[in-house]
Every structure is written in structure tokens, then in C-alpha cells.
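In case you want the letters, here they are:
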Amino acid sequence: MFTSVFRLALAACLVLAGALPAASLAASAGAAPSREALRERVEALRSDGSPGGEAHRAARALVAGLYEARGFEPLWADAGRVASLRRAVDASLTHGLDPRDYHAAALASAPAPADGRALAQRELLLTDALIRLAYHLHFGKTDPRSLQPSWNFARTLGGADPAAALAQLAGTPDPAAALERLAPSLPAYANLRRALAVLRETEGRGGWTPVPTGPKLEPGMTGRSDDPRLTALRKRLAESGDLAAAGTGAVAPAPSNATPAEPFDAALAEAVRRFQARHGLAADGVVGRDTLAALNVPVAARIDQVRANLERLRWVARDLVGDYLLVDIAGFEAGLWLDGREVWRSRVVVGRPYRRTPEFRSTLEYMVLNPEWGVPPTILRNDVLPRALRDPSYLERQRMRLVDRNGRVVDPASVDWDAVRQRPGAFPYRVVQSSGPDNALGRIRFMAPNEHLVFLHDTPARELFERPVRAFSSGCIRVERAQELAVLLLDDAQRWSAQRIAEAIDGGRTQTLPLRRRVPLLLLYHTARAGDDGSPEFRPDLYGRDAPIVRALAAPFRFAPVAPG
């Protein structure tokens, strides 16, 4: 079924809404149009001259061909199959999708008189709902290429006949079960769906108790035990499951009325730390500005955040199989999967908000021990040259040399620095930093070809890995456990054990080593995830990439063509 869904993509753009008023589309479940009435509607569909481009014309022809091949026999004469599809439409809400995109209101409205034309139109509407939902569950509703210019993950059709695949899906006895199988089977996706359900239950109860603004709250603070801010804090943490009932480990029930708060004791401090860890904050047990802001994010906003991340997983679920190295930009982590099993995880540093790390896919091909660093043009222009102009000894202290177009080293003293100050964009030299322990790339660089000049590397700035928010680079990925990753990717215990790599690094010689494990490199951006129990974890949306996805999920569906291969 997963292979078949690739072939559905050309059909996903079918646009039938507006052909008849919604009120005329309703019919009792299982009521089927005559073949003659259906033939007339299908012929009208095939001859429809409305604009929409080649993809829309192909979709109309595809659905028309499906019914022509059946001799215009209806697909939705069986009331049980109609009910199953309607259940799937309703269940789309649990995937973070909107049932209105699949004609939920029209399909659920009261039966209309047995009008052949209306029944034929409803037949096509049911088929359209099936196709749209199949497409959205498998590929996602939104087109990531319209949201992220760097996006280069493939959407392919699988190279087979789309009409046959559509007929197979349309003819399944239980459309709801078939559609559910098209959604990602990843544990991360299932966990986020559970988190979405929990958050919606919270929303149904009125959301979380807000914590009033004021001075920071911290363990050992003195003051009245009935401080209303402490009362609100305890209630808020109990509502989200972070504050457990004393001595039991169970979640304390949210109090129905405000009660006098205990002092800021160890249990409350632990609950604050638990909340902070789930939200990517420094887990110090102190309710300062950032923690207070996270506590007061409305549950509706967290629901949207989970919906955006479910959509992200639909974009890439087909890539998260076998061997791959995934960098979670928003989570400041990287993980290596080999044969479908995670074998390595590391903290990473990513690009600053004004030098963002892009999302893309490539393949790791080789690594460099004791690399030199050729300063990229943006960093040269914005960082290195201004510092060199302020401090004539900067280049020497950083062990940087100037290299001309012919590869010759240039003496900085021979450079007209006043001219450089006037026109830094015309600087004619490359700047190269020598290898060594203080090199900006550390002792190892991992290379995957890409147009963004982004790669993974070691770093001498080890202290940055202790920060909860690790956005300090100019776009490349700094890896905390780079030597461990090198051992796994070289995959040669005889020649390149951890000890041999350490010895080669200590030797100081720059070496380029091809990787035996040439795994896909996936740079992704996920601001929400969840545990097996549905307990959500959130990360700050540093690059502001969630809101465009949420807006696109709310917009009318627009078909995004996919490759036939």
C-alpha cells in the first residue's frame, strides 16, 4: 500500500467543490447514482475546460478513466464503505489535519431527495475525499518547497500506473484502515498524535492556569505561604503532569479552587525542572522570565506546534528508514541510525537566527582529520575582515594566512587595508586557518556535498554544548561527539579504531578519509516531540518556521506536483 500511494499523487488535485451547492450533495449512505447519471458527470469532468494547469487536467482524466474502466459502476454503493470513509475523515483531526478539507460537512449532512445528478456528484465527492486524504496522510498537505527554499527531499510517484493504484485504494473494503496505513508508521509520529490528543483534552477543560507575572520564583524563597503566584504555579504544573502527588509518583489532580500554597519546596522545584527540561530551558528550578513565558503559552498554540511537527514528519517519513544521520536543528541534537537502529546521539550547535542552518538532504562522503578552514565569504566579509581591520595582529594570532588566486601566500603587510576598508566586498584573497586544536573546525570535518556550504565538524568551543539553546554558528553543525561519529562512519575497526583516530589527530597531519558508511544526511527542524506516554516536549522556534506551516494547513488545498520516478 505504501508503494501504491506514490501513484496517487497526480490524482490528489481533483477539484469538485463548487460544481453543486453543498446542500444538494447529501444522500443517504449507500444510495448510488445510476450508471447513466454517473456517466454524464464523468464526461462533464473530463471535458471541463476550467483553468488549473496540466496537473489538474491529468487528475480529471485519471478519475474519469477510473470510472470508465468500471463501466461507470459506482464505487460507493456500499453503506459500510461510505461510513468507513467518513470515520477516516473525522479521524483526520487526530493527525492534525482539518476534516473540512475532505468535505466533512457535505458528506455528513441530512439525506437529500434521490436526485440522480446530486447522487453522481456525491459519488465523485467521496472519491475526491479519499484521494485528498490519502495524499495528505502520506505526503503532507503543505508543500515544503514553498516554505523552505533549501528543501530538496524528493516526492516521487514510484514509476507505476496511477489509475491502477487509485482503483486498488478506492476498492478497498475498509477505506479507514487503508488510509490509516498510509500515515507515517514512525513511533515519533504515533507519540505526537497521542500528545495532540492530550493537549486537546486540556483545551476542552479550559486550558492551563496562567501564572501571573512578577519577580522570579525560586526554591527557598520567603514570603506568604498563600502567595497567589505559588498557588497558580502549583496548579499549572499539576495540570501539565509535571507536579506529581507527594510520595506516589502519580500526577496530582488539578485543584478545583485556589488553595493556600506551600512554600517553594523541593517537590515544586523538581516539578519546575521537569517542565524546563521538556521545554528546552535551563533546568535550574527557578521560574524566571523564559520559564514564565513558556508556562503561559496557551494550549491552542501548543496544539498548533504539534500539528506543524506532525506535518513535518509526513514530509520525510519515507526518508527515515535504514541508515541515516539526522540533525534536528531546533532540538540541537544529532542522531545516527544504522540498519534502522539508533547507535549514536550527540548535542550539536547550529546557526544563529540571522545565519540560519538550512533544511536539506545530502549524503556524507568523506571526512578530514586535522582540517584547515577556508573562511567562507559571508564570515570573511562580516566577521574576519572587520576584526583584521581593527586589530593588525588578528590574522597572525588566529593562525590565518592570505592566499591569492594562484595559491600563493600573501604577506598581510603588503595589503592596502585602507582600500579594503572602503571596499571589503572586493577583497581579492582567500583566508585559510591552519589546522590545530584551536582551528574553528576542531580536529574533524564531515563532508556532504551541498550548495549551502554547510557541513558537520568538531569545535574547540566545548563550553557551548552546555547551553540549553545552542544557536551560535554561522550555519554549519558543530558536533560534540565527533570522534565517536568518525569511528562509526569509517566502519573499519582494524584500521580506524577510536585509538587510531586519536593517534592520527595527535600526529597533526591533515588527512582526507573516504567513509565506508556513506549515509544520507538529513537536516530537519522539529520543535515538538513526545514520549511513548504522549508527554510532549517543545523547543523554541528560533527561526520562526512553525507559523508558516500552521497557516498553510489552514489554507485551501493546492496540489503540489510530484516527480514520476
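The structure under discussion appears in the preceding block.
Nothing here was measured: the structure is a model prediction, and the numbers come from that model.

Caption draft 1: Quick look at the pattern of salt bridges. The final tally for this structure, using the stated rule, is 35 salt bridges. E480 is the salt-bridge partner of R347, the closest N and O atoms lying 2.8 Å from each other. Separated by 133 residues along the polypeptide, R347 in strand 3 (residues 341-351) and E480 in the loop between strand 13 (477-479) and helix 18 (482-490) bring together distant segments of the chain. For the salt bridge of R399 with D438, the shortest nitrogen-to-oxygen distance reads 2.5 Å. Of this pair, R399 sits in the loop between helix 16 (394-397) and strand 7 (400-403) while D438 sits in the loop between strand 9 (430-433) and strand 10 (444-447), and the two are 39 residues apart along the sequence. The class of R399 is partly exposed, set by a relative accessible area of 29%. Assessed through its relative accessible area of 38%, D438 is described here as partly exposed.

Caption draft 2: Summary view of the packing of aromatic side chains. One pass over the structure, following the stated rule, counts seven aromatic pairs. Pairing W151 with W315 gives two aromatic rings, centres 5.3 Å apart and planes at 70 degrees, and the pair type is edge-to-face. With W151 in the loop between helix 7 (144-147) and helix 8 (162-170) and W315 in helix 14 (residues 299-316), this residue pair connects regions lying 164 residues apart in the sequence. Accessibility classification places W151 together with W315 in one group, the buried group. Chaining the aromatic ring pairs together yields one cluster made of W151, F153 and W315. Lying over the aromatic face of Y525, R545 brings its terminal NZ or CZ to 5.0 Å of the ring centre.

Caption draft 3: Here's a closer look at the environment of F153. Among the secondary structure elements, F153 is positioned in the loop between helix 7 and helix 8. With 163 residues separating them along the chain, F153 and V316 place their C-alpha atoms 7.5 Å apart. Here F153 is in contact with V316, D319, F360, R361, L522 and L524, once residues within four sequence places are set aside.

Caption draft 4: Molecular detail of unusual backbone geometry. Even without being glycine, H103 reaches a positive phi, approximately 60 degrees. Owing to a relative accessible area of 11%, H103 belongs among the buried residues under this scheme. One non-glycine residue, N370, lies in the positive phi region at around 50 degrees. Examined against the element boundaries, N370 turns out to sit in the loop between strand 5 (366-369) and strand 6 (373-374).

How each quantity is defined
Numbering of residues starts from 1 in each chain and follows the order in which that chain's sequence is written. Two thresholds apply to this predicted model, a pLDDT of at least 70 for residue-level local features and 80 or more for giving and counting side-chain atom pairs, whereas whole-chain, interface and lining totals are computed over all residues. Values reported for side chains reflect all heavy atoms of the structure, with hydrogen atoms and water molecules removed beforehand. By convention in these notes, a salt bridge is any Lys or Arg side-chain nitrogen within 4 Å of a carboxyl oxygen on Asp or Glu. Numbering of helices and strands runs from the N terminus; a helix is a DSSP stretch of H or I covering at least four residues, while a strand is a stretch of E covering at least two. For each residue, the accessible area found with a 1.4 Å probe, counting protein chains only, is set against the maximum for its type, and the residue is called buried under 20%, exposed over 50%, and partly exposed in between. Think of it this way: a Phe, Tyr or Trp ring, Trp meaning its six-membered ring, pairs with another when their centres are within 6.5 Å, and the plane angle makes it stacked under 30 degrees, edge-to-face over 60, tilted otherwise. A ring is scored as having a charge over it whenever the NZ atom of a lysine or the CZ atom of an arginine sits within 6 Å of its centre and within 35 degrees of its normal. The contact criterion used is simple: two residues touch if any of their non-hydrogen atoms lie within 4.5 Å.

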